[in-house]
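Listed below are the residues making up each chain.
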Amino acid sequence: MSEIKIGSLVLDSSQAKPARISTEQSSGEPNTKKTIGEKILRTAICLLICCVFVHICAASEMILIPAGEAIIGSTVYKDEGPPRKVYVPAFYIDKYEVTAREYRQFDPGYRVLPGHEDEPALVNWYQAMAYAKWAGKRLPTEIEWEKAARGTDGREYPWGNEFDPSRCQNWKSNTGGVVNVGSYPEGVSPYGVHDMAGNAWEWTSSPYLPYPGNSDKWPENGKYWRVIKGGRTDFSARCAYRRFALPIGIEAPVSFRCVKDVGVTREDSATNLLED
């Protein structure tokens, strides 16, 4: 089989068909305008993808809460006592509450008004549990939540022992409801966790049961309720304050954040879910 060359054309003598070449090759000069346009388009697409990725990663950022003892409970209300030291293994917790934008990635049918996408997702306990499993995480226990909020020194609020309405969204804020997560950076916990006081209440995985050593009379159906934390008043914004709610409904604006055990991957969580 022989080849015949005519300029930049190459003919296969057996098939007598010219090999295909591009216009750029035949002319010897690249189409400069087309090349620049394609580069600009590719760059713009890459930047857009990066911006979306950074936004999602920032919103779902987790903070390590180191292992160690923490003071849980208080003497202010009967159901908060008796205060005690509890050893809490290390875990990761979401820096912010799960936003409506994030929740819609799990449930596209979740309705949110335009401009409110970065506010906490307001859901019932079962919805929060389902999202956490989908994300390869879980809801925090009441003890984990309280340690992440107050640290190890037993403080009343994430920032100290005195209520400061400028450090959290509260019932005096006149905002007409919840606000974007992370709107009060001055109110972070000792570990840097945002919005542990004020804004929306937060679900925990814990049933509303008495603490060890509490002899107070307890509601019989407490095991069916779930503890919510982080209220919007000077007393309910306290880290040790316990409120309860039925898992199926939302009596107040209730959101959530997730936690993850140290060393557990999303794949591990998925495997555990299948085994359950």
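Residues numbered from 1 in each chain as written. Predicted model: local features only at pLDDT ≥ 70, side-chain atom pairs only at ≥ 80, totals over all residues. Heavy atoms only, no water.

1. Some thoughts on the overall build of the chain
Scanning the chain from terminus to terminus reveals six helices and eleven strands. Out of the 276 residues in the chain, the part that is buried amounts to 40%. Approximately 15500 Å² of the chain is accessible, and the part contributed by carbon and sulfur atoms is 57%. (Helix = DSSP H or I, 4+ residues; strand = E, 2+ residues; numbered from the N terminus. Buried < 20%, exposed > 50% of the residue type's maximum accessible area, 1.4 Å probe, protein only. Areas by Shrake-Rupley, 256 points an atom, 1.4 Å probe, with all protein chains shown as cover.)

2. Some thoughts on empty space enclosed by the protein
Evaluation of the coordinates by the stated rule reveals one cavity of 30 Å³ or more. Counted as a void, the largest cavity has a volume near 40 Å³. Lining the largest cavity, in full, are Trp-159, Arg-167, Cys-168, Tyr-184, Gly-187, Asp-195, Met-196 and Ala-197. (1 Å grid on protein atoms, 1.4 Å probe; cavity = no way out; pocket = protein on both sides within 12 Å on 5 of 7 lines; lining within 4 Å. Points joined across faces, edges and corners; volume = space filled by probe spheres on them.)

3. Comments concerning the sheet that holds strand E3 (residues 62-65)
Pairing in this open sheet of three strands is antiparallel, and the strands run E3-E6-E11 from one edge to the other. Looking along the sheet, the strands with just one partner apiece sit at the ends: E3 and strand E11 (259-261). Each strand of the sheet is rotated relative to its neighbour by a mean of 25 degrees, with strand direction disregarded. The sheet strands contacting helix H5 (residues 142-150) are E3, strand E6 (91-94) and E11, and the helix crosses E6 at an angle near 75 degrees. (Pairing = 2+ DSSP bridges. Axes fitted to C-alpha atoms, helices over the stretch in contact; angles between N-to-C directions. Contact = heavy atoms within 4.5 Å.)

4. Some details on the packing of aromatic side chains
Enumeration according to the criterion identifies 18 aromatic pairs in this entry. On the numbers, 5.4 Å between centres and 50 degrees between planes, the contact of Tyr-131 with Trp-134 is tilted. On the criterion of helical spacing, the pair formed by Tyr-131 and Trp-134 is a turn pair, its members being three residues apart in helix H4 (residues 125-134). Residue classification places Trp-134 among the partly exposed residues on the basis of a relative accessible area of 34%. On the basis of an interplanar angle of 5 degrees and a centroid distance of 4.2 Å, the ring pair of Trp-225 and Phe-244 is categorised as stacked. Here Trp-225, found in the loop between strand E7 (201-207) and strand E8 (226-229), pairs with Phe-244, found in strand E9 (residues 243-245); they are 19 residues apart in sequence, far enough to count as distant. Each member of the aromatic cluster is reached from another via a ring pair, and the members are Tyr-103, Phe-106, Tyr-110, Tyr-131, Trp-134 and Phe-256. (Phe/Tyr/Trp six-rings, centres within 6.5 Å; stacked < 30°, edge-to-face > 60°.)

5. Points about unusual backbone geometry
A cis amide bond links Gly-81 with the next residue in sequence, Pro-82, at an omega value of -5 degrees. Look at Asp-195: it is not a glycine, yet its phi comes out positive at around 60 degrees. Here Asp-195 lies in the loop between H5 and E7. Judged by relative accessible area, which is 5%, Asp-195 ranks as buried. In this structure, Asn-199 is a non-glycine residue whose phi angle is positive, near 60 degrees. Along the polypeptide, Asn-199 turns up in the loop between H5 and E7.

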